[in-house]
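Read off the chains here:
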Amino acid sequence: MGKIIKKAIAIFLLLVLGTSTAFLTYLHFFASEDGDLSGQWTAELDMTERAAVTALSWLQDIEGVTVSLDDMESYMQGLTIQVDLEMEQTERSAGTFQCSITPDSYETCNQAAYEAFAGAFRELLGERLHMAGYEGGTGQEAVEALVTENFGMATVSYLMTCGPALLPSMEELQAEYEGEGDYEIIDDMLIRRFGEGGAVVATEERYIRKGGQLILSGTDDSAGSGSFFGQYPVLYILKTATEE
């Protein structure tokens, strides 16, 4: 009797083990979405700090003007550039990708950055004129009129022409983000190979997939360029059919 019970228990355990193994295999190969990055993703690169630091450095050269980074960031909000990433899985844990910067997004961000910069410049210049005993108006409109009169152009145009470059150039961003090629996933690392033939550059990124969110960080390329932007996480949001 005891042998029959032991045999029954052994058979039961084998069945449970077999069922569990099959279920886990199903989850690993078919049910998990983490390994399938197929879809159209979009990210917004936050340029606020870059633009604020650059503008601050330039404004601090104006004698008698005191301005902080917090002051500059209060002017510059929501400065983002859109990056589109399309990925298609062609086999398990591998596929193709195409990544690009949205030109309109870059132009919009650049214009917004200089308009914010102009607002800060007019206010600080007004304070400087008041400190110097200027008896005329020192509000935004009055200072704008003075800038136009003295430099022959509006404040935004003057800063774009004579001021610092608040954003990386479109070419810099394209070199950093744009490209197409193949990808594969190895040990929770996303390896993207840009280009073809002898011009291939491989980039390794730690990635986290959380449903409709994809976080890429820790970029390191085989060319050893030490990318500035790749040091920071980039959050991609999966587009839905209704968003396209």
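Reading the values: the criteria
Residues numbered from 1 in each chain as written. Predicted model: local features only at pLDDT ≥ 70, side-chain atom pairs only at ≥ 80, totals over all residues. Heavy atoms only, no water. Helix = DSSP H or I, 4+ residues; strand = E, 2+ residues; numbered from the N terminus. Contact = heavy atoms within 4.5 Å. Areas by Shrake-Rupley, 256 points an atom, 1.4 Å probe, with all protein chains shown as cover. pLDDT = per-residue confidence, 0-100. Axes fitted to C-alpha atoms, helices over the stretch in contact; angles between N-to-C directions. Parallel < 35°, antiparallel > 145°, perpendicular 65-115°, else oblique. Left-handed = near helix turned anticlockwise from the far one by under 90°. Nonpolar A, V, L, I, M, F, W, Y, C, P; charged D, E, K, R; others polar. Patch = residues over 30% accessible without salt bridge, like charges linked within 9 Å, V, L, I, M, F, W, Y side chains within 5 Å. Salt bridge = Lys/Arg side-chain N within 4 Å of Asp/Glu carboxyl O. Lys, Arg positive; Asp, Glu negative; His and termini not counted. Charge placed at Lys NZ, Arg CZ, Asp CG, Glu CD. Buried < 20%, exposed > 50% of the residue type's maximum accessible area, 1.4 Å probe, protein only. Expected span 1.5 Å × (residues − 1). Polar contact = N/O pair within 3.5 Å; in protein donor to acceptor, adjacent residues only side chain to side chain. Phe/Tyr/Trp six-rings, centres within 6.5 Å; stacked < 30°, edge-to-face > 60°. Lys NZ or Arg CZ within 6 Å of the ring centre and 35° of its normal.

## Focus on the overall build of the protein
No. 1: Along the protein, the regular secondary structure elements total seven helices and eight strands.
No. 2: Within the protein, contacts between residues separated by at least 24 positions form 61% of all contacts whose residues are at least 6 apart in sequence.
No. 3: Here the protein displays about 14,600 Å² of accessible surface, and carbon together with sulfur accounts for 54% of that area.

## Considerations on the confidence of the model for the protein
No. 1: Of the residues in the protein, 75% have a pLDDT of 70 or more, and the chain-wide mean is 80.
No. 2: The low-confidence segment residues 5-32, where pLDDT is below 50, has five contacts with residues more than four positions distant or belonging to other chains.
No. 3: Below a pLDDT of 50 lies the segment residues 221-229, which in the model reaches 15 contacts outside its immediate sequence neighbourhood of four places, other chains included.

## Quick notes on the packing of helix α2 (residues 48-59) against helix α4 (residues 103-131)
No. 1: For the pair α2 and α4, the least separation of the axes is 11 Å and the interaxial angle reads 25°. Comparing the axis directions of α2 and α4 gives the class roughly parallel. Along this stretch, α2 crosses α4, giving a crossing that reads as right-handed. Two secondary-structure elements touch here, α2 through A55, W58 and L59 and α4 through F117, A120, F121 and L124.
No. 2: When the residues that make up the contact of α2 with α4 are grouped by side-chain class, the tally is seven nonpolar, no polar and no charged.

## Examining a negative patch on the surface
No. 1: Where like charges cluster on the molecular surface, the negative patch consists of D70, D71, E123 and E127.
No. 2: Mapped by element, the contributors of at least two residues to the negative patch are α3 (69-75) and α4.
No. 3: Among the structural elements, E127 can be located in helix α4.

## Some points on the pattern of salt bridges
No. 1: Counted by the stated rule, this structure contains four salt bridges.
No. 2: For R122, the salt bridge is made with E144, and the minimal N-O distance between the two is 2.9 Å. One end of the pair, R122, is in helix α4; the other, E144, is in helix α5 (residues 140-151), with 22 residues separating them in the sequence.
No. 3: Owing to a relative accessible area of 16%, R122 belongs among the buried residues under this scheme.
No. 4: Across the pair R192 and E205 runs a salt bridge whose closest N-O atoms are separated by 2.9 Å. Residue R192 is found in strand β5 (residues 189-194), and its partner E205 is found in strand β6 (residues 201-210); the two are separated by 13 residues along the sequence.
No. 5: Using a relative accessible area of 5% as the deciding quantity, one classes R192 as buried.

## Considerations on α4
No. 1: Its 29 residues place the ends of α4 42 Å apart at the C-alpha level, agreeing with the 42 Å of an ideal helix rising 1.5 Å per residue.
No. 2: The first or second residue beyond α4 is G133, which carries a positive phi of 90°.

## Comments concerning the environment of D46
No. 1: Within the element layout of this structure, D46 appears in strand β1 (residues 39-46).
No. 2: In this structure D46 comes out as exposed when scored by relative accessible area, which is 55%.
No. 3: Beyond its immediate chain neighbours, meaning those up to four positions away, D46 contacts L79 and T80.
No. 4: Of the polar contacts made by the side chain of D46, one reaches the side chain of T48; its length is 2.8 Å.

## Things to note about the packing of aromatic side chains
No. 1: Inspection of every chain in the model, using the stated rule, returns six aromatic pairs.
No. 2: Look at W58 and F117: their rings are 5.6 Å apart centre to centre, the planes differ by 80°, and that puts the pair in the edge-to-face class. Note that W58 is positioned in helix α2 and F117 in helix α4, a separation of 59 residues in sequence.
No. 3: Assessed through its relative accessible area of 23%, W58 is described here as partly exposed.
No. 4: Summarising the aromatic geometry, the rings of F151 and Y158 are spaced 4.3 Å apart at their centres and angled 20° between planes, so their arrangement reads as stacked.
No. 5: Linked through ring pairs, W58, Y114, F117, F121, F151 and Y158 together constitute an aromatic cluster.
No. 6: A cation over a ring is seen here: R192 above F97, with NZ or CZ 5.1 Å from the ring centre.

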